[in-house]
Amino acid sequence: MSLISFPFFVFVLVLMAAYYLMPCKWQWVVIPVFNLLFYMSYGAVAVCFLAVTMFLTYAMGILLNRTDDHFGALRKACADKEQKKKYKADCVKTKKRIMLVGLFVDFVLWFLFKFTGLFSFSPLGISIYTFIAAGYCIDVYRGKYRAEKNLFKYASFLSFFPHIVQGPFSRYDALKDTLFAGRRCSFERLEQGIIRIVWGCFKKLVIADRMKAAIDMILPRDSGYGGVYVFLLFVILPIQLYADFSGYMDIVAGICHMLGIRLQENFKQPFFARSIDEFWRRWHITLGAWFRDYLFYPVSMSRVVQKISARCKDKLSPVLVRMIPSYIALFFVWSATGLWHGKSWNFLLWGWINLLCIVSGMQFKPFYERIKGRLHITEENKCWRLFQMARTFLIFGFAEMVSDIPSIYGIWTKCRSLVCEHNWYLAARPLQLFPGLEIRDLVILGIGILLMLILDILKEKNVDIYGLAGRIPVFFRYLGYVSLFYAVILLGYSGKNAAGGFMYEQF
Amino acid sequence: MEQLQKILEEIRPDVDFASEDRLIDNGVLDSIDIIAIVTAVNNAYDVEINVQYLLPEHFNSVEAIYRLICKLQDE
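Residues numbered from 1 in each chain as written. Chains lettered and ligands numbered in written order. Predicted model: local features only at pLDDT ≥ 70, side-chain atom pairs only at ≥ 80, totals over all residues. Heavy atoms only, no water.

Let's shift gears to the overall build of chain A. For chain A, the count of helices and strands is 22 helices and zero strands. Radius of gyration (C-alpha) of chain A: 25 Å, near the 23 Å computed for a compact globule of 507 residues. Across its three principal directions, the C-alpha atoms of chain A cover 80 × 70 × 50 Å. Relative to its 507 residues, chain A shows a buried fraction of 50%. Carbon and sulfur atoms form 68% of the exposed surface of chain A, whose accessible area is close to 24,700 Å². Between the mean site of the 59 positive side-chain charges and the mean site of the 34 negative ones, chain A shows a separation of 6 Å. (Helix = DSSP H or I, 4+ residues; strand = E, 2+ residues; numbered from the N terminus. Rg over C-alpha atoms; globule rule 2.2 N^0.38 Å. Buried < 20%, exposed > 50% of the residue type's maximum accessible area, 1.4 Å probe, protein only. Areas by Shrake-Rupley, 256 points an atom, 1.4 Å probe, with all protein chains shown as cover. Lys, Arg positive; Asp, Glu negative; His and termini not counted. Charge placed at Lys NZ, Arg CZ, Asp CG, Glu CD.)

All names here are of chain A. Contact geometry of helix H5 (residues 126–142) with helix H6 (residues 151–158) gives a least axis separation of 10 Å together with a crossing angle of 130°. Accordingly, the angle class assigned to the pair H5 and H6 is oblique. The segment H5 lies against H6, with Tyr129, Ile132, Ala133 and Tyr136 engaging Tyr154, Phe157 and Leu158. Considered class by class, the residues forming the contact of H5 with H6 number seven nonpolar, no polar and no charged. (Axes fitted to C-alpha atoms, helices over the stretch in contact; angles between N-to-C directions. Parallel < 35°, antiparallel > 145°, perpendicular 65-115°, else oblique. Contact = heavy atoms within 4.5 Å. Nonpolar A, V, L, I, M, F, W, Y, C, P; charged D, E, K, R; others polar.)

What follows deals with helix H2 (residues 31–45) of chain B. With 15 residues, H2(B) extends 21 Å between its outermost C-alpha atoms, agreeing within 8% with the 21 Å of an ideal straight helix rising 1.5 Å per residue. One side-chain oxygen at the N-terminal end of H2(B) lies 3.1 Å from the backbone nitrogen of Ile32(B); it belongs to Asp30(B). (Expected span 1.5 Å × (residues − 1). Polar contact = N/O pair within 3.5 Å; in protein donor to acceptor, adjacent residues only side chain to side chain.)

Turning to the interface of chain B and chain A, a few remarks are in order. In this complex, chain B contributes 20 residues to the contact, which on the side of chain A involves 22 residues. Summed over both sides, the interface of chain B with chain A buries roughly 1,800 Å², with 61% coming from carbon and sulfur. On inspection of chain B and its partner chain A, the count reaches two salt bridges. Across the pair Arg322(A) and Glu10(B) runs a salt bridge, and its minimum N-O distance is 3.6 Å. Element by element, the count of residues in the side of chain B that touches chain A is highest for H2(B), at 10 residues. In terms of residue class, the side of chain B that touches chain A is built from 11 nonpolar, six polar and three charged. (Buried area = accessible area lost by both parts, 1.4 Å probe. Salt bridge = Lys/Arg side-chain N within 4 Å of Asp/Glu carboxyl O.)

Quick look at the side chain of Ser127(A) now. All names here are of chain A. Mapped onto the elements of the fold, Ser127 is located in helix H5. The class of Ser127 is buried, set by a relative accessible area of 0%. Only 2.9 Å separates the side chain of Ser127 from the side chain of Trp110, close enough to count as a polar contact.

To continue, consider the domain arrangement of chain A. Residue and element names in this part refer to chain A. Per the domain assignment, the segments of chain A are domain 1 (6–180), domain 2 (187–263 + 429–506) and domain 3 (276–406). Just the C-alpha atoms count here: the centres of domain 1 and domain 3 sit 30 Å apart. Residue-level contacts link 17 residues of domain 1 with 14 residues of domain 3. Of the roughly 1,300 Å² buried between domain 1 and domain 3 on both sides combined, carbon and sulfur atoms contribute 62%. (Domains from an automatic or database assignment.)

In terms of nonpolar packing, the biggest core is built from 174 residues, with Phe38(A), Ile255(A), Ile261(A), Trp283(A), Ile49(B) and Phe59(B) touching the most fellow members. Those residues in contact with Ile261(A), other than ones at most four positions away along the chain, are Tyr19(A), Ile31(A), Phe160(A), Leu175(A), Thr178(A), Leu179(A), Arg183(A) and Cys256(A). (Core = buried A, V, L, I, M, F, W, Y, C linked by side-chain atoms within 4.5 Å.)

All names here are of chain A. Within the secondary structure layout, Ile449 lies in helix H20 (residues 439–460). For the pair Ile449 and Trp334, spaced 115 residues apart in sequence, the C-alpha to C-alpha distance is 30 Å. What Ile449 contacts, discounting residues up to four positions off in sequence, is Ile207, Met211 and Ile239.

With that out of the way, let us pick up the state of the cysteines. Residue and element names in this part refer to chain A. All chains considered together, the criterion is met by zero disulfides over all chains. Looking at Cys78, it has no disulfide partner, and the nearest cysteine sulfur is the one in Cys91, 14 Å off. The exposure class assigned to Cys78 is buried, which follows from its relative accessible area of 14%. (Disulfide = S-S within 2.5 Å.)

All names here are of chain A. Taken N-terminus to C-terminus, the directions of helix H4 (residues 81–116) and helix H14 (residues 318–341) make an angle of 70°; their axes are 10 Å apart at the nearest point. When the axis of H4 is compared with that of H14, the two are roughly perpendicular. The segment H4 lies against H14, with Trp110, Lys114 and Phe115 engaging Leu339, Trp340 and His341. The class makeup of the residues in the contact of H4 with H14 is four nonpolar, one polar and one charged.

Residues and elements named next belong to chain A. Note that Asp293 resides in helix H12 (residues 285–300). Along the primary structure Asp293 and Asp139 are separated by 154 residues, whereas in three dimensions their C-alpha atoms are 9.6 Å apart. Setting aside anything within four residues of it in sequence, one finds Asp293 in contact with Arg142, Arg171 and Pro298. Among the polar contacts made by the side chain of Asp293, one reaches the side chain of Arg292 at a distance of 2.9 Å.

Structure, rendered in C-alpha cells:
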C-alpha cells in the first residue's frame, strides 16, 4: 500500500476514526492493529520475519532486565565489597552474552536478505526495524531504560507503520510516552497534520518525481549526456532526493501529528550545512544518531582502539593521538553507512567520500583557520558562509552521483566529460538543459523549489510555521491550503518517467 | 581538577570550561570532542571510561568529569 494512494487515504481515515472513538486509555491498542494491516498489505510472509525479530528482541529485553534484577538482589544482600565487584562483573558478562546472541540473530536475518541474494524478496523495512530493534536491545543492555514488559506495546513500537518503511530510526524512550498516551481529538492538530501531509505530497509528486524524470535521462553512462549535464546532476540530485525523502517524512510526521504522536524529525534544513560533518547532523538525523550511539562510541572507546591511541602517545602529536580513536571509528561508521545503503562497492565509495571530507576537515582545521586568518575571513562573513554551503551541497551531489552509478568506468566517464565535453555554453540556455522536461515543468519546479527554500529559511530562523500559518486570516489561510491541495492534484508529475515509489523504500 | 581543566582547554580552547555547566545539554561538545576527552582522560588518569558512562550528567561540566574519574579510580 503506497503512501500516496487511495487505499492509504482510506486507511488513514479509518485509523483516525478508530483511534479517536476509543477511550483515551485504550487508544494505543488501535496502533498495533493498523500496523499489522499496513504491513500485511505488502505481503503476509514478510510479517513472519518481522515477528521473529520482534519476539527475539522482546525476549532479550526481558532477559536483560531479569539478569540485572538477579545480580542486583545478590549485590544488595552481600556485605563483602570484593564479592559485590564479582557480582557486578558477572552481571556485565552475562548481559553481554545475551545481547550478543540476540544481536547476532537479529543481524543475520537482515544480512541474509540484504547481502546473500538467497531470497527473491526482502521484507518491507527490514533495514529499519532490524536497526531499531538492535538499538532497543543495546539501550536496555546499557541500562538506559527498562525493557517493555507488554508484548503488544513493544509490537506497537517496533512495527509502528509511520517509521517502518523509511524511518526515522525511532528510539523507544523517545517514542513510548507519546505513543501510549491517550488524547482527545483536536481540530487544530488535525488541520496542521493534514497540511503537512499535503505539503509532503507536493514535495514528492510535484518536485521530486518531476526532477527524477530528467535525472533518469542524464544518469546512465551511455545516455550521451556529459559535461554541463553532469554538473547539473550534482545540483539536481540533492534537491530531488531531499524533496522525495523529506516529503515522505512530512507525510508520516503529519499522520502522527494528527494522532498527537511526536515522531522524531529526520531533517533540519540540510542545505544550510557549512561542512559535510554538519550536513550529516541535519540529513537523515536519526540514522546518523544510530551509528553514532551504537557504532562510533563503542568502537572509539573500545579497549583495542584506546590501546592503539595510547601506544602512539610518544610517537605522534598529542592532537593526533586524541583523534586516532575517532578516525578509526569513523572509518567503520562510514563503511557501514555505505553498506547499509546498498551492497555494491559504489555505496562503499560513497561512504568513503563522506569519510574523507569529514576527516580532512577535522585534521586540517588548524591549517584552514590560519589561511582564513591571513585572508581576513570571519565565520560571520556572508559570502564565506554561502561558499561553504555551496561547497557542501556540491560535494553531497557528487557523492550521490557516485552512489547512483554502479560502475567505476561509468563514474570515470561522467567525471571526465566535465572537462572533455565542450557543452558548457548550454548553461546560458537553461531551457535546453533539462532533458524530458518542458518549459511548463521548469516553471513548476522553479516555484516549488522556491517554496521549499522559503520554508527552510523560516525554519532555520526558528520561526514556528504552524504558529505563523495560524496568524493568517482564516479565509487566506484556507485559500492557501486549498491551492496547495489542487497543486498536488493538478501538477503532480505523471509523465512516463514518473518515479512512483519513494527512493528510500528500497533500503 | 586544574590538570583536567588544562586537558579540556587543549581539546577545545574556545570553550570556557570554568563557567560552563551544560556542555552536553547546550551542544557545546560534540561526539568527536567527547571521544578526544575520553582518550585524553584515559591516558592521563589511567582509567577506562566505557560507553555506559556516556551520559550528559558525566560530561556537562569539569566537576562532573572529575567526579566520574574519581568514581572510576575508586572502583
